[in-house]
Amino acid sequence: MITVEPSSPKDAQAAALLGQSHALMNELFPADACHYLDLDALCADHIRFFTAREGGTVLGTGALAIMDGYGEVKSMFTAPEGRGKGVAAAVLRMIEDTAHDEGLTLLRLETGVGLDAAHRLYERFGFSRCGPFGSYEDGPYSIFYEKT
């Protein structure tokens, strides 16, 4: 059974999984196109960080950044051994529920070109493509989504 709960990004398993995510982003995209948050940034007061576990093993991460007027989905990543088990969907549901509890009426996110499984997940959850937001700039590697 997959359980999702608030956690610390500095938890050893969560940090290791985030390290895998960052390594993948660095492999796929140039440095200026990698918009992930480091562990310290994920500990900021406006961030809600979550892990998905099966038993004692962390299989996924995700975060909600509470911004001015919207929430931003950040740090979504599923370990290879967790893919196909509903881990990402469970994390995204937690992020949506938390955004609702925080009174947010809009969620936004930035993801990368070629991350097709992520795009399918976001579209299945009702996200639609949009233009850049916040401090993001339009570029060849980013795709933006939002959902009210």
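Right, let's walk through the structure included here. (Residues numbered from 1 in each chain as written. Predicted model: local features only at pLDDT ≥ 70, side-chain atom pairs only at ≥ 80, totals over all residues. Heavy atoms only, no water.)

Description of the sheet that holds strand β7 (residues 142-147)
Which entries qualify depends on this criterion: Paired strands are those between which DSSP finds at least two bridges. Each helix is a run of H or I in the DSSP string that is no shorter than four residues. Each strand is a run of E no shorter than two, and both are numbered from the N terminus. Under this scheme, a helix contributes an axis fitted over its contacting stretch, all axes are lines through C-alpha atoms, and angles between N-to-C directions fall in the 0 to 180 degree range. Here, residues are in contact when the closest pair of their heavy atoms is within 4.5 Å.
An order of β1-β2-β3-β4-β5-β7-β6 is seen for the seven strands of this open sheet, with the pairing classed as mixed. Looking along the sheet, the strands with just one partner apiece sit at the ends: β1 (2-6) and β6 (128-130). Averaged over all adjacent pairs, the angle separating strand axes in this sheet is 30°, with direction ignored. Alignment of strand β3 (residues 57-66) against strand β4 (residues 71-78), held across six bridges, turns out to be antiparallel. Across the sheet, Ile66 pairs through a bridge with Gly71, a residue of β4. Sheet strands touched by helix α1 (residues 12-28): β2 (47-54), β3 and β4. Its angle to β3, the strand with the most contacts, is close to 75°. Across the sheet, helix α3 (residues 116-124) touches β4, β5 (107-112), β6 and β7, and the angle it forms with β5 is around 160°.

Things to note about the nonpolar core
We apply this condition: Joining through side-chain atoms within 4.5 Å is the link that ties buried Ala, Val, Leu, Ile, Met, Phe, Trp, Tyr and Cys residues into a set, and such a set is a nonpolar core. Buried means the residue's accessible area, taken with a 1.4 Å probe over protein chains only, is under 20% of the maximum for its type, while exposed means over 50%, and partly exposed covers the values in between.
Among the nonpolar cores identified, the biggest contains 27 residues, and Val73, Met76, Leu92, Ile95, Leu121, Tyr122 and Phe127 are the most heavily contacted of them. Among the secondary structure elements, those contributing two or more residues to this core are β2, β3, β4, α2 (87-101), β5, α3 and β7. Among the elements that take part in this core, α2 stands out by supplying seven residues, more than any other. Ignoring anything within four residues of it in the chain, the contact list for Phe127 reads Val73, Leu92, Glu96, Leu107, Leu109, Tyr122, Tyr145, Glu146 and Lys147. Counting residues in each nonpolar core, the second largest holds seven residues, with Ala14, Ile47, Phe49 and Ala63 among its members.

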